[in-house]
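One letter stands for each residue in the lines below.
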Amino acid sequence: MDFDYSDEQRALREAVRALLGKTYATIDGRRAATAKDPGFDEAVWSRLAEMGVLGLPFPEEAGGMGAGPVEVAVVAEELGRVLAPEPFVEAVVLCGGLLARADADVSAIANGTVLPAYVGGPGVTARRDGDLWVLDGGASPVLNGARADLLVVVADVDGTPALFTTAQGERTAFATYDGGRAARVTFDGTAAGPIGDPAADASGTIAYARACAQVAYAHEALGAMERALEMTRDYLRDRHQFGKPLKAFQNLAFRASDMYVCLELARSMALWASLVLQDGDEAEGVEAASRAKLRAAESGRRIGQEAIQLHGGIGLTMEYGVGHYAMRLTTIEHLLGNRRHHLAGLAAAVSDHRGVDPLR
Amino acid sequence: MDFDYSDEQRALREAVRALLGKTYATIDGRRAATAKDPGFDEAVWSRLAEMGVLGLPFPEEAGGMGAGPVEVAVVAEELGRVLAPEPFVEAVVLCGGLLARADADVSAIANGTVLPAYVGGPGVTARRDGDLWVLDGGASPVLNGARADLLVVVADVDGTPALFTTAQGERTAFATYDGGRAARVTFDGTAAGPIGDPAADASGTIAYARACAQVAYAHEALGAMERALEMTRDYLRDRHQFGKPLKAFQNLAFRASDMYVCLELARSMALWASLVLQDGDEAEGVEAASRAKLRAAESGRRIGQEAIQLHGGIGLTMEYGVGHYAMRLTTIEHLLGNRRHHLAGLAAAVSDHRGVDPLR
Amino acid sequence: MKLRLSPQDAVFRAGLREFFTTQVPQDIRETVAAREELTKEQMVRSMRTLDAAGIAVPNWPVEWGGKDWTPLQRHIWHEEMSAACVPPPVTFNASMVGPVIAAFGSREQKERFLPATRRVDIWWSQGFSEPDAGSDLAALRTSAVRDGDDYVVNGQKIWTSYAQYGDWIFTLVRTDPDAPRRQAGISFLLVDMTSPGVTVRPIRLIDGGDLVNEVFFEDVRVPAGNLVGEENRGWDYAKFLLGNERVGIAGVGGTKRLLAQAKTWAGERLREDPLLAAEFARLENDLLAVELTSIRVAADSADGKAQPASSVLKLAGSELEQAVTELVLGLAGEQGLGSDPAAGAPAWTRTAAPNYLHLRAASIYGGSSEVQRQIIAGTILGL
Amino acid sequence: MKLRLSPQDAVFRAGLREFFTTQVPQDIRETVAAREELTKEQMVRSMRTLDAAGIAVPNWPVEWGGKDWTPLQRHIWHEEMSAACVPPPVTFNASMVGPVIAAFGSREQKERFLPATRRVDIWWSQGFSEPDAGSDLAALRTSAVRDGDDYVVNGQKIWTSYAQYGDWIFTLVRTDPDAPRRQAGISFLLVDMTSPGVTVRPIRLIDGGDLVNEVFFEDVRVPAGNLVGEENRGWDYAKFLLGNERVGIAGVGGTKRLLAQAKTWAGERLREDPLLAAEFARLENDLLAVELTSIRVAADSADGKAQPASSVLKLAGSELEQAVTELVLGLAGEQGLGSDPAAGAPAWTRTAAPNYLHLRAASIYGGSSEVQRQIIAGTILGL
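Residues numbered from 1 in each chain as written. Chains lettered and ligands numbered in written order. Predicted model: local features only at pLDDT ≥ 70, side-chain atom pairs only at ≥ 80, totals over all residues. Heavy atoms only, no water.

Chain C has the name Acyl-CoA dehydrogenase in an unreviewed UniProt entry, where Actinacidiphila alni is given as its organism. UniProt annotates chain C under Sequence similarities (unreviewed entry) with the comment "Belongs to the acyl-CoA dehydrogenase family." UniProt, in its Cofactor (unreviewed entry) section for chain C, records the words "FAD". (UniProt positions renumbered as here; feature names shortened; annotations may be inferred.)

The name recorded for chain A in an unreviewed UniProt entry is Acyl-CoA dehydrogenase, from Actinacidiphila alni. The record in UniProt for chain A states the following under Cofactor (unreviewed entry): "FAD". According to UniProt, the comment filed for chain A under the heading Sequence similarities (unreviewed entry) is "Belongs to the acyl-CoA dehydrogenase family."

Below, the structure written as structure tokens:
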């Protein structure tokens, strides 16, 4: 077992970091990109496509790079570090992952010409209408739902979930509190194409794709936590009150230490979950993702809250960066299952095993 | 609504404090008393009887002083402050309370000639044997069960609990980790006298008596917390490390502040619960007791643990007092329902009300 | 000791409850219930409604519109107001500058300012914090130099809430830069915000609001008659102001209302999800403990012990308030992302995240939690 | 990156697992499983069993009985040992004084002490802390004054675990009271505990044990040849000692075993009580995070980042260990009162409270949590 990145993985990280650094070197980059629709920088998205990042986890024959969860993690962490608003996790990991597993064509996602959005939740049903399949119902929030060229929809077919795509559906766009974009999507007999066999239960496929996205979010959160702690550390070092640097106040320094512990625990768990996904057993991957997501949520909550508190008022301003980090960490905490959701799931299964052994 | 003690209540406190101070001025008093059976000081017990404390909550016609839950609280808090090992809560509040409510004779408890012990739990059944009632089964730990002259037993009669007393039953004595005494009690066709109608469901009576004891424990814990914080404060003030007093380490001082907050929250809740009991509605009293016990357990746990941690190694020694406070707080935390027990009970009822309004 | 209100206080409470729930305009109370921003007009109208009934500033001297209430009655007043979704009187006017002018102002200042302050004919802003003087307020640098009958003020204030609405601002300014102690050279000065040289710049916060501001003073001439009390004694007046009002400092009323609302929003989940129910139960118990403590402080139960000061209430109250907004955000789940009205979501999910973020400030402003812990350690524990 | 052990490491692990579960005497492993005190004889016998297999001191130089294992293999060795209820090698010998003598001792000292230390022919005690030198170890005052070929030692040590068993004690003593820095005048001295003037007084702890002690030195003559390394450089050796062994510092193996046992003890309650199940799930997830972090440290995954130092493991590991003992105490409930064998209760409820109390020390000794936070703030964060 080892946690070292390969040279290729390091190179990927440097390349992504360099690319994102051009636009998101300071928080002003994020603020500018999120100030106008679609809530991210299309040019950055194109460059990510050119670099191959948008096809990273897809098989090479499907236009991807055939990379695995660890490479996805590397990218997600870099996005998190600079709070880049590009919807990598949602479009590539979640939607792309669902489509690629069903052997659907994902080349247009990989080359950046089609942006997909994920429509989950229990509110959509699918039915046959002659030779066609049509969708009814709706969901909200659909992240990037207004800008999306394609909706990847989980719809109920006779009590079990199945997957469909459609380029239609009514979309009401809105901004999310963290600067992103989402939409309320409604279907009303909207034509849609099935992905895979619509009569088959897609629960497993969906759970696995969500797991991949949960782990990617855990890494995105990790990058954000890391940077939020760095900013807090710098602030404690440089800011003076009562005639001495804040770091001289033991309580504040110790709280930064606790933030560091939170960060490292989250890092260990996120890295491990990527490796479990890479290892291939789906049930294990789903459980590991839940564990990593819970840990990321707990660490992210603590680090985000403490980063603000240790900064004081400035931490709450839009102009200064650290509040954006806290907001993004809060968002991720609540996406694809919040703390209580994952804890309840793990609690329900706690009798099923004697312990968790990560060394295998 | 007010939380001021009356002059009589203050006088009671001073009298109890003075009495206990003679024996328990330092932790050596507790250590000496608990070093030998029965684990408390019989002379102190007699003096408490002479002062009327052992009949405090009983009606005057039953040999008591007709005082209420607030006076009981005053005594319990003083016992807690010096960790006096005398079984006031167990014998007077719980056993005496059960008997007094059934109009049984409690004068011998009040005058100190009979020490009762409470045998609760689900392990005892009662059945008729001719004209007599006999008990089978057993329970452990029965606090002060070996020394007790009388056992007050909750026994199952055809599926509902009823109350009995017996002076018999086999007792295996043992020491508890906090220096107290308990026994394993077993019955095997042991003759016992019913208290009240054994066919009637005594659940309500038992719940109310337990509630009174829970609130008294909350006050005992309060006294212990108060003193543990004082000792910690003194230690932080007087002890030097790295060339300065410990209080100059901001993290330590802030943690003492948090202990103080815990203490005051527990105090408010315990005082209030005494008042609710005094006010007379039984269901309200039972709920308030659960709330106060939960709060006392949470505050006591935090204060006990932090008192040790802020003292360092010395806090763990038998010779120094603060560890005894932590031990006693731990014991109280687990008597008559621990944190999870009370939280689960309150959680189950949380939908039943819009909110809790203490001002009435 | 007694549990129940005295008959007088029970009548007192019933009267206030009747008033708050029937006389304060419905639109205002609904806005509060929905956790949405009140307009300035609503805040003013609400306070004038209270003032008309003589209960806007019970903490003031009776001569200037106050009430001779007991602390417990003031507590009841505040809690009933919160429970009825009535916005508390504008803090800057009612709890901050009013009592200072009433206690330390000249007769002329009292007559000029107090009635107008009570009716919010003047909306006051608070000019205390500066970019380098937050928790360490005594580090403030805004200067006021005497020049004839005026002071000339230069400097910058920050975190000034609602300065957009401000007609006047009460400020702490440095009048003696050479004073032996930093605290000794500070004065308490009232400044007309329409004076030339006063500029207000809103600060946008992560909760989406922009109601706190920077206020810049550039050669602003302020008549010397606007000095409150004595020159260089402003620190004393500021301490009076900050320590003055303990009623409502724990924010219990609002937290309690929110927790009760949250039960409604949780709906069936409260019965189906034991972990959620336990979160509610724990918060409810914590809230009860804080509320009881605030009643104890209000009732000033002496009993020979050091009283839990307002620091305990501020510290525990703000953490609890934050915890409840966090619970609500958790209830909203992914829905909470839709803070935009266009999301078409129910008001409570729409406001969940902004309110959660907004409340992060509760442990920072008005004396941060760190300041409160320092006060408890120092003042109460003697550390 | 990879999840799985290499085939070599998998074989390595299987071999150790086989050894620990079949070759270490059953009575020793059962005592550990029951969370009861091991006798000195059991600890010695266990270590000699390991030594006979050449795996008692893998962290030592190969020349003196160590192994050329990778850090990950050392981690596996430690975790397999814990999982199999095998007591880890006597710390004072294997992790403390042994490596110091091996690194800084003279050839003569190595030959004299290392084999005897490995086999526990000598039981070592640790003489570092003093009544006024705990976390602030450099404040120590025990003095060693050179007198001919001897040092004469006077002073007092405290918190000396198992000093009753101690044949020798390794101490930090002040040899230069006039050194410019307090740390500069300290030496590392080996003292035969049978020397005249050495007195041991047990300290009774609230966990019921009396295995920590005070050790008094009154004009104890110690041959100068028992000085390790150079005079006045003892602080460097002590730092080496304290920072030396990171394997097992998080205590994950024991915590994991206990948590698994606790599930058995919880029995049906684990299915019936969702709050209890959630407590288990949370602790299990925390434990996994700490274990993974300890593997990361062991595997020394560099990756250009500051590594989570042993401080993180000690801090998080001891808190977790404490939390699990607290969970067990909660499971025991009122039964936990019966710590006396006469209570006739199952071993796990009988030991629940003593173990809980015992573990309160985990965040105090070996560098308190406060010291660890200071190290993280200073060394890792640069604060």
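(A) View of the domain arrangement of chain A. All names here are of chain A. Examined at the domain level, chain A breaks down into domain 1 (7-110), domain 2 (116-194) and domain 3 (203-351). Computed over C-alpha atoms only, the centres of domain 2 and domain 3 are separated by 30 Å. Between domain 2 and domain 3, the residue contacts involve 7 residues of the former and 10 residues of the latter. For the pair domain 2 and domain 3, the summed buried surface comes to about 720 Å²; carbon and sulfur atoms form 61% of the total. Together, Tyr118, Tyr177 and Asp178 form the three largest contributors to the area buried by domain 2 at its contact with domain 3, with a combined 60%. At the junction of domain 2 with domain 3, the criterion picks out 1 salt bridge. The partner of arginine 328 in a salt bridge is aspartate 178, with the nearest N and O atoms 3.1 Å apart. Here domain 2 and domain 3 share 4 residue pairs in polar contact (both at pLDDT 80 or more) between them. Classifying every residue of the side of domain 2 that touches domain 3 gives 6 nonpolar, no polar and 1 charged. (Domains from an automatic or database assignment. Contact = heavy atoms within 4.5 Å. Buried area = accessible area lost by both parts, 1.4 Å probe. Salt bridge = Lys/Arg side-chain N within 4 Å of Asp/Glu carboxyl O. Polar contact = N/O pair within 3.5 Å; in protein donor to acceptor, adjacent residues only side chain to side chain. Nonpolar A, V, L, I, M, F, W, Y, C, P; charged D, E, K, R; others polar.)

(B) Spotlight on the UniProt feature "domain: Acyl-CoA dehydrogenase/oxidase C-terminal" (unreviewed entry) in chain A. Sites flagged by UniProt as "domain: Acyl-CoA dehydrogenase/oxidase C-terminal" (unreviewed entry) map to residues 216-339 of chain A. When the span residues 216-339 of chain A is considered, its composition is 78% helix and 3% strand, and the gap between its end C-alpha atoms is 16 Å. (Helix = DSSP H or I, 4+ residues; strand = E, 2+ residues; numbered from the N terminus.)

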